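Overview (structure and organization)
This is what each chain is made of:
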Amino acid sequence: MMLKAFFPTCCASADSGLLVGRWVPEQSSAVVLAVVHFPFIPIQVKEFLAQVQQASRVGVTVLGTWCHRQQEPEEGLGRFLEGLGAIFSHEPWLQLCRERGGAIWSGKVVQRLMPPGVPGEHQVMLVFYDQRQVLLSQLHPSATLPDHQAGDAPASAGGLAAVFDTVARSEALFRSDRFDEGPVRLSHWQSEGVEASILVELAKQAAGPTCLLLSFLLSILSAIGACRLFRLWPLPFICSKLSTCEQVRHRLGHLSLVFSTQKAENPAQLMRKANMFVSVLLDVGLGLALLTWLHGEDRTGQLADALVPVADRVAEELQHLLQWLMGAPAGLKMNRALDQVLGRFFLYHIHLWISYIHLMSPFIERILWHVGLSACLGLTVALSLLSDIIALLTFHIYCFYVYGARLYCLKIYGLSSLWRLFRGKKWNVLRQRVDSCSYDLDQLFIGTLLFTMLVFLLPTTALYYLLRLLVVTVQGILHLLVDLVNSLPLYSVGLRLCRPYRLAAGVKFRVLEHEAGKPLRLLMQINPLPYSQVVHTYRLPSCNCHPRLSWSSLCRKLFFGELIYPWKQKESKQD
């Protein structure tokens, strides 16, 4: 039988003593966690391990002996270590030894309770692992990962999970080290002293009262928002359509979760809290930078002075575009009567819009000042408010789009029905399918005339229908930026960049020594999670304050003339 012994690299230079860890019988492996040094009293070691088991819920026990012949050349030490097996009865009993100089390793497994004729000693395969990295890492299930990387060893997920889980849950064992004055002195990854700093301890002490105070303030804000005054119509309807209100509600939910006094139950919740906290910090930081830039050198006034001329210029270009469409655009011969009706109708809307802009011009600077002030709540709030303002200022273009879309949709569905008539088909409303049907000559003649009229009128309507694509593109870019800041797991990406071992996708093994008569020695290294999988696994939910359409759905709606609303719609809403 070949037994696998996972040995921490930090204990390779430890003095002789007892091997403390966990035996995993399903995998025929032993996970060594620490080395107990001389002198010690056996009963005190057993009491200490019982306390560790109660605190960590891990079956920590004495696995065997560790002999490091560095300053003890006498042979009596080996016999003394072998005699400890009678005091700490464990089956099997692991014996590891490192000769002076560190180049020669030996190991064996002794089983006393074996039937006659079965050898009582077995070989050992030593697998060295970095205890600190395994303790701090989080092993992700292989079922959610892409194909294994090159160089990965075919290790079972259950065995790796047992190793990682044993080290992670044995944190109570690492609170004491060889410098403690207690009865048990250990060597492990913190053998050089417990890692800590005064600033970290002060931050931990101040985090509790700070989170309690912020949670209380957020609860007050939630109570104010839930009062009856804000439930009167039409306030709920307006707030549900504005992306600014949805984004503020989304950020309040993030803050409530981040500053909650309840501890995270698992590493996934802790990572989610950290990602939300970093996202809020980045959002507020970018918002303050935008606020500083806007209020520096009177840029708000400059933007207000330039807005009205820009609006006039846009209206003038739209009028030229409509006049071009009312003629012969790109040499195309349009239906003149329909072209004139649509063009004059849209020109009248542009005239109303320009009058509205000039009426609002005295208040534009004050509006921009408040928009800039909203950036202190975060860049996403300012971008959402800008998207709402664009939706209001381009309402006339949305009217063009609605009129054109309804006419375009009517013609598309009319053409599809008449096309089925040519093929001898019809739409069965009761069975929701296309059935065969016979038409007489008069029906085919009328259908041909209507089909011809709709085909030649379709390009004229389509030109006016597609005017809204520019506004949809600008709002889509703003919503994409808001979603990027809201959902990008910045903390996880930064952790993958700076400490890739914290997000483990698996392990790979490198051969250190493979000679006859000596135990096989391997080094276990952590394979980090790919960046794409980090983003996919830890991506935060977005606020859904605008319609979320895939490219295929967007193209389908554009082709068939279905309305694309600039606000969020219910899932059951049918256009």
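In this section: the nonpolar core. Counting residues in each nonpolar core, the largest one holds 39 residues, and the members touching the most others are Val31, Val36, Val45, Tyr129, Leu173 and Met524. Secondary-structure elements contributing two or more residues to this core are strand S2 (17–24), strand S3 (29–37), helix H1 (42–56), strand S7 (121–129), helix H3 (131–136), helix H4 (157–169), strand S12 (503–513) and strand S13 (521–528). Counting residues in hydrophobic clusters, the runner-up holds 20 residues, among them Leu3, Phe7, Val35 and Leu126.

What follows covers the packing of aromatic side chains. Under the defined criterion, the tally for this structure stands at two aromatic pairs. Judged by centre distance (5.1 Å) and plane angle (35°), the ring pair of Phe7 and Trp66 falls under tilted. Here Trp66 lies in strand S4 (residues 61–68) and Phe7 lies in strand S1 (residues 2–8), a separation of 59 residues in the sequence. Like Trp66, Phe7 is buried. Measuring from centroid to centroid gives 6.0 Å for Phe7 and Phe128, while their planes differ by 85°, and the two rings are edge-to-face. In this pair, Phe7 sits in strand S1 while Phe128 sits in strand S7, placing the two residues 121 residues apart along the sequence. By the ring-pair criterion, three or more aromatic residues cluster together here, those being Phe7, Trp66 and Phe128. The lysine or arginine in question, Arg366, covers the ring of Trp369, its NZ or CZ lying 5.6 Å from the ring centre. The ring of Tyr531 carries the charged tip of Arg496 above its face, separated from the ring centre by 4.4 Å.

Bringing helix H11 (residues 364–373) into the picture now. Ile364, Val371 and Gly372 are the residues of H11 that are buried. Down the axis of H11, the buried side of the element spans an arc of 95°, and every buried residue falls inside it.

What follows is about the packing of helix H8 (residues 267–295) against helix H16 (residues 490–498). H16 packs onto H8 with a crossing angle of 105° between their chain directions and a minimal axis gap of 7 Å. In terms of orientation, H8 and H16 fall into the roughly perpendicular class. Note on element contacts: H16 touches H8 through Leu490, Tyr491, Ser492 and Leu495, opposite Met271, Ala274, Asn275, Val278 and Leu282. Residues that form the contact of H8 with H16 fall into these classes: seven nonpolar, two polar and no charged.

A separate point is the pattern of salt bridges. Applying the stated rule across the entire model yields seven salt bridges. Close ionic contact of Arg313 with Glu316 constitutes a salt bridge, the shortest N to O distance being 4.0 Å. Of this pair, Arg313 and Glu316 both sit in helix H9 (residues 299–325), three residues apart, roughly one helical turn. Residue classification places Arg313 among the partly exposed residues on the basis of a relative accessible area of 48%. Look at Glu316 and you get partly exposed, because its relative accessible area is 35%. Among the salt bridges present, the one from Glu317 reaches Arg313, with a minimum N-O distance of 3.0 Å. Linking Glu317 with Arg313, this pair stays in helix H9, spanning four residues, or about one helical turn. On the basis of relative accessibility, which here comes to 37%, the residue Glu317 falls in the partly exposed class. Because the salt bridges share partners, they merge into one network encompassing Arg313, Glu316 and Glu317.

It is worth spelling out unusual backbone geometry at this point. Even without being a glycine, Arg57 presents a positive backbone phi close to 60°. Within the secondary structure, Arg57 is located in the loop between H1 and S4. Taking the relative accessible area as the measure of exposure, Arg57 reaches 65% and is therefore exposed.

Contact geometry of H8 with H11 gives a least axis separation of 9 Å together with a crossing angle of 150°. The angle between the axes of H8 and H11 places the two elements in the roughly antiparallel class. Residues Leu291, Leu294 and His295 of H8 pack against Trp369, Gly372 and Leu373 of H11.

Criteria and cut-off values
- Residues numbered from 1 in each chain as written.
- Predicted model: local features only at pLDDT ≥ 70, side-chain atom pairs only at ≥ 80, totals over all residues.
- Heavy atoms only, no water.
- Core = buried A, V, L, I, M, F, W, Y, C linked by side-chain atoms within 4.5 Å.
- Buried < 20%, exposed > 50% of the residue type's maximum accessible area, 1.4 Å probe, protein only.
- Helix = DSSP H or I, 4+ residues; strand = E, 2+ residues; numbered from the N terminus.
- Phe/Tyr/Trp six-rings, centres within 6.5 Å; stacked < 30°, edge-to-face > 60°.
- Lys NZ or Arg CZ within 6 Å of the ring centre and 35° of its normal.
- Arc of directions from axis to C-beta.
- Axes fitted to C-alpha atoms, helices over the stretch in contact; angles between N-to-C directions.
- Parallel < 35°, antiparallel > 145°, perpendicular 65-115°, else oblique.
- Contact = heavy atoms within 4.5 Å.
- Nonpolar A, V, L, I, M, F, W, Y, C, P; charged D, E, K, R; others polar.
- Salt bridge = Lys/Arg side-chain N within 4 Å of Asp/Glu carboxyl O.

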